[in-house]
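Chain and residue survey
Listed below are the residues making up each chain.
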Amino acid sequence: MEMASVPSQWITDGRNLMRDYLIVAPCRNEAKFARKTLDSLVKQTVTPKLLVVVDDGSTDETPQILAEYAAQHDWIKIVRREDRGKRSVGPGVIDAFYAGLDTVDIKQFDYVCKLDLDLILPDGYFEGLMSRMEADPRIGTCSGKAYFINDAGQQVSEGIADDVSVGASKFYRRQCFEQMGGFVRQVMWDGIDNHRCRMLGWIPCSWDDEDIRFIHLRPMGSSQKGILTGRMRWGYGQYFMGTSLAYITASAIFRMSKPPVILGGLAIWWGFVWSMIKRKERYGDAEFRRFVRQCQWSFLIKGKKTAVQEINQKQATAWKPAGA
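Now for a look at the structure at hand. Within every chain, residues take consecutive numbers counted from 1 along the sequence as written. Only residues with pLDDT of 70 or above have their local features reported here, since the model is predicted, and side-chain atom pairs are shown and tallied only from 80 upward, although totals for entire chains, interfaces and linings are computed over all residues. In computing side-chain values, all of the structure's heavy atoms are included and hydrogens and water are not.

1. With respect to the sheet that holds strand E4 (residues 50-56)
The condition is simple: In short, DSSP must find at least two bridges between two strands for them to pair. Helix and strand definitions follow DSSP, with helices as H or I runs of at least four residues and strands as E runs of at least two, each counted in order from the N terminus. Here the axes come from fitting lines to C-alpha atoms, over the contacting stretch only for helices, and the angles between their N-to-C directions go from 0 to 180 degrees. Here a residue-residue contact requires only that any non-hydrogen atoms of the pair lie within 4.5 Å.
The seven strands are arranged E5-E4-E3-E6-E11-E8-E12 in an open sheet whose pairing can be described as mixed. What marks the edges here is a single partner per strand, and that holds for strand E5 (76-81) and strand E12 (203-207). The average undirected angle you get between the axes of adjacent strands in this sheet is 20°. Bridge count between strand E3 (residues 21-27) and E4: six bridges; the pairing is parallel. From the neighbouring strand, Pro26 faces E4, where its bridge partner is Val54. Contacting strand E6 (111-115), strand E8 (139-144), strand E11 (169-173) and E12, helix H6 (residues 189-199) runs over the sheet at an angle of about 25° to E11.

So this is what it looks like as structure tokens:
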């Protein structure tokens, strides 16, 4: 396995700490938020080795803002894509991510991160993630917890479970990212990757620790045509991934208590059922879909925390960290 050279400041207690990390940040028309995200990246206690921002056809002032930061920091690179005429979530975001990733040699990095350009990260965010991953070599992907600011100016958790990494900030050990084959170019890419990691014996997770909590300037699922459309899209994504009707019903009922109350959960359920009625495409890996359903039934029967612990323990035999 090819490894990067180790700066002297990362040699601690006789251990070599490899901390060369790559960030690929797809964006489109983020002039309202981009400076806040870029400023928080500039302030990181461990600077990225490279930040590749993929401007996915912005028509606002985003290109000028990106050019300004790239001129000031030699570790920032801009990739410009032609304007497709609209914002695209799901597969469009991942297409943009790969437009950036394809411009670099991923093996030059120890970690790779897909990052949204509408976040405010604490100064020690990436150092905190890497420290946690160094403490547990089976952690393949991780993040802090996402919060948004409500109308009263309060920070509100987006309610992300502990057994997944957040889609807005997907931080990966490179070996894990390569071994699972990267991201699927479809809605629910950020759910499929967590299950595939666990299937391969890696551990996906996130922590609600103050030093790695971050602010999501645009509430989850609201970036294209409104939050209800986003919830319906999430329902379709669950269908595509292989989720069962029983599990999505239980999940939708749980989500009814979250904003938008009642309607959000109903939109998730209807997005799933409508996809089922229409016999829409499902993820092609039948073994993976069986694994997902087995996990979900275990969540319902045993409770998620207990089930995840048992699954992680069982899948340890599948873990081959040098197999990427």
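2. Considerations on unusual backbone geometry
Located in the positive-phi region is Asn29, a residue other than glycine, with phi close to 50°. Looking at the secondary structure, you find Asn29 in the loop between E3 and helix H1 (34-42). Phi at Arg279 takes a positive value of approximately 55°, unusual for a residue other than glycine. With respect to the helices and strands, the residue Arg279 is situated in the loop between helix H9 (263-277) and helix H10 (286-302).

3. Notes on H6
Going by this rule: Relative accessible area decides the class of each residue, using a 1.4 Å probe on protein chains only: under 20% of the type maximum gives buried, over 50% gives exposed, and in between gives partly exposed.
Taking burial as the measure, the eleven residues of H6 include ten buried ones, the bulk of the element. Residues of H6 that are buried: Trp189, Gly191, Ile192, Asp193, Asn194, His195, Arg196, Cys197, Arg198 and Met199. Directly after H6, the chain includes Gly201, whose backbone phi takes a positive value near 95°.

4. Quick notes on the environment of Asp209
What counts is decided by this rule: Polar contact is the term for a pair of N or O atoms within 3.5 Å; when the atoms are in protein, one must be able to donate a hydrogen and the other to accept it, and sequence-neighboring residues count only if both atoms are side-chain atoms.
As for its position among the elements, Asp209 is in the loop between E12 and strand E13 (214-216). Asp209 sits in the partly exposed class, given a relative accessible area of 30%. For Asp209, the side chain forms a polar contact with the side chain of Arg132, separated by 2.9 Å.

5. Comments concerning the packing of H10 against helix H11 (residues 304-314)
Describing two packed helices takes the angle between their axes plus the distance from one axis to the other. We count it as follows: Roughly parallel here means an angle under 35 degrees, roughly antiparallel means over 145, roughly perpendicular means 65 to 115, and every remaining angle is called oblique. What makes a crossing left-handed is the near helix being turned counterclockwise from the far one by less than a right angle; a clockwise turn instead makes it right-handed.
Two numbers describe how H10 lies on H11: the axes approach to 7 Å, and their chain directions differ by 135°. In terms of orientation, H10 and H11 fall into the oblique class. Between H10 and H11 lies a crossing whose hand is right-handed. Residues Phe291, Cys295, Ser298, Phe299 and Lys302 of H10 form the contact with H11, whose own contacting residues are Lys304, Thr306, Ala307, Val308, Glu310 and Ile311.

6. Re the side chain of Gln44
Positionally, Gln44 belongs in the loop between H1 and E4. Residue classification places Gln44 among the buried residues on the basis of a relative accessible area of 5%. Here the side chain of Gln44 touches Pro122 through a polar contact of 2.9 Å, landing on its backbone oxygen. For Gln44, the side chain forms a polar contact with the main-chain nitrogen of Tyr125, separated by 3.3 Å. Apart from the residues within four sequence positions on either side, Gln44 is in contact with Tyr21, Leu121, Pro122, Asp123, Gly124, Tyr125 and Phe126.

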